[in-house]
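One letter stands for each residue in the lines below.
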Amino acid sequence: MRSGAVRRQRYVAAMAYTFQITIDSSEPHALAAWWAHLDLGIGDDEPAEVVDRLLARGATRLWDAAQGALHWITMADPEGNEFCVPG
């Protein structure tokens, strides 16, 4: 990894997958404003069950939202990073 590289690793405890996101920058302070928002796919699982598993692992439910026929639950991990679960 080059000098100044930033590496973040996130684990979604309710899923069987591990995702790694690596962002490389020669100016790491410029990344402070960088923000990513994940929308989780839950397959055939019931949304309420997924939300309950995430809550049990430290996530926080922020709000429920809808736009037309699309419904989702916005949550945050223990560090405050937001993500959505389809509802």
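Counting restarts for each chain, with residues numbered from 1 along the sequence as it is written. Local features are withheld for residues below a pLDDT of 70 in this predicted model, meaning they are given only at 70 or higher, and side-chain atom pairs are given and counted only at 80 or more; totals for whole chains, interfaces and linings count all residues. In computing side-chain values, all of the structure's heavy atoms are included and hydrogens and water are not.

Enquirer: Got a minute to help me understand the overall build of the protein in this structure?
Expert: Helix and strand definitions follow DSSP, with helices as H or I runs of at least four residues and strands as E runs of at least two, each counted in order from the N terminus. In terms of helices and strands, the protein carries 1 helix and 6 strands. Reading the protein from its N end, one meets helices and strands in the order β-β-β-α-β-β-β. Three labels apply to residues, based on accessible area from a 1.4 Å probe with only protein chains included: buried if under 20% of the type maximum, exposed if over 50%, partly exposed otherwise in between. Looking at the protein residue by residue over its 87 residues, the buried ones come to 22%. Taking the contacts inside the protein whose residues are at least 6 apart along the sequence as the reference set, 33% of them involve residues at least 24 apart. Note on areas: Shrake-Rupley with a 1.4 Å probe; residue coverage comes only from the protein chains shown. Carbon and sulfur atoms provide 52% of the accessible area of the protein, an area that totals close to 6,300 Å². Every residue pair with non-hydrogen atoms within 4.5 Å of one another is taken to be in contact.

Enquirer: Sorry if this is basic, but what is going on with the nonpolar core here?
Expert: Soluble, globular proteins show a tendency: their nonpolar side chains are buried together. In this description, a nonpolar core means a group of buried Ala, Val, Leu, Ile, Met, Phe, Trp, Tyr and Cys residues linked to one another through side-chain atoms lying within 4.5 Å. Core analysis: the biggest nonpolar cluster contains 10 residues, these being Leu40, Ile42, Val50, Val51, Leu54, Ala59, Ile73, Met75, Phe83 and Val85. At the level of elements, helix 1 (47–56), strand 5 (70–76) and strand 6 (82–86) are the ones that each hand at least two residues to this core. Counting residues per element, this core draws most heavily on helix 1, at 3 residues.

Enquirer: Which parts of the structure should I look at to understand the confidence of the model for the protein?
Expert: pLDDT measures how confident the predictor is about each residue, on a scale from 0 to 100. Mean pLDDT over the protein stands at 76; residues scoring 70 or higher make up 61%. Contacts for the low-pLDDT stretch residues 1–15, under 50 throughout, to residues beyond four places or in other chains number 37 contacts.

Enquirer: How should helix 1 be read in this particular structure?
Expert: An α-helical turn contains 3.6 residues, so a residue and the one three or four places further along point in the same direction. Considered for burial, the residues of helix 1 that qualify are Val50, Val51 and Leu54. When helix 1 is viewed along its axis, its buried side chains cluster within an angular range of 100 degrees and face the same direction. Facing away from the buried side of helix 1 by more than 90 degrees, the exposed set consists of Ala48 and Ala56. Against the buried residues of helix 1 lie strand 4 (60–67), strand 5 and strand 6. One or two residues past the end of helix 1 sits Gly58, with phi positive at roughly 105 degrees. Arc definition: it is the arc formed by the directions from the helix axis to the C-beta atoms.

Enquirer: How do you make sense of the sheet that holds strand 5 when you look at a structure like this?
Expert: Two strands in a sheet stick together by hydrogen bonds in their backbones, pointing the same way (parallel) or opposite ways (antiparallel). Strands were regarded as paired on the criterion that DSSP finds at least two bridges between them. Pairing within the open sheet is mixed, and its 4 strands lie in the order 3-6-5-4. Two strands bound the open sheet, and with one partner strand each, they are strand 3 (38–39) and strand 4. Packing of helix 1 onto the sheet brings it into contact with strand 4, strand 5 and strand 6, and relative to strand 6 it is tilted by some 150 degrees. A fitted line through C-alpha atoms represents every axis, and for helices the fit uses only the stretch in contact; the resulting angles, taken between N-to-C directions, go from 0 to 180 degrees.

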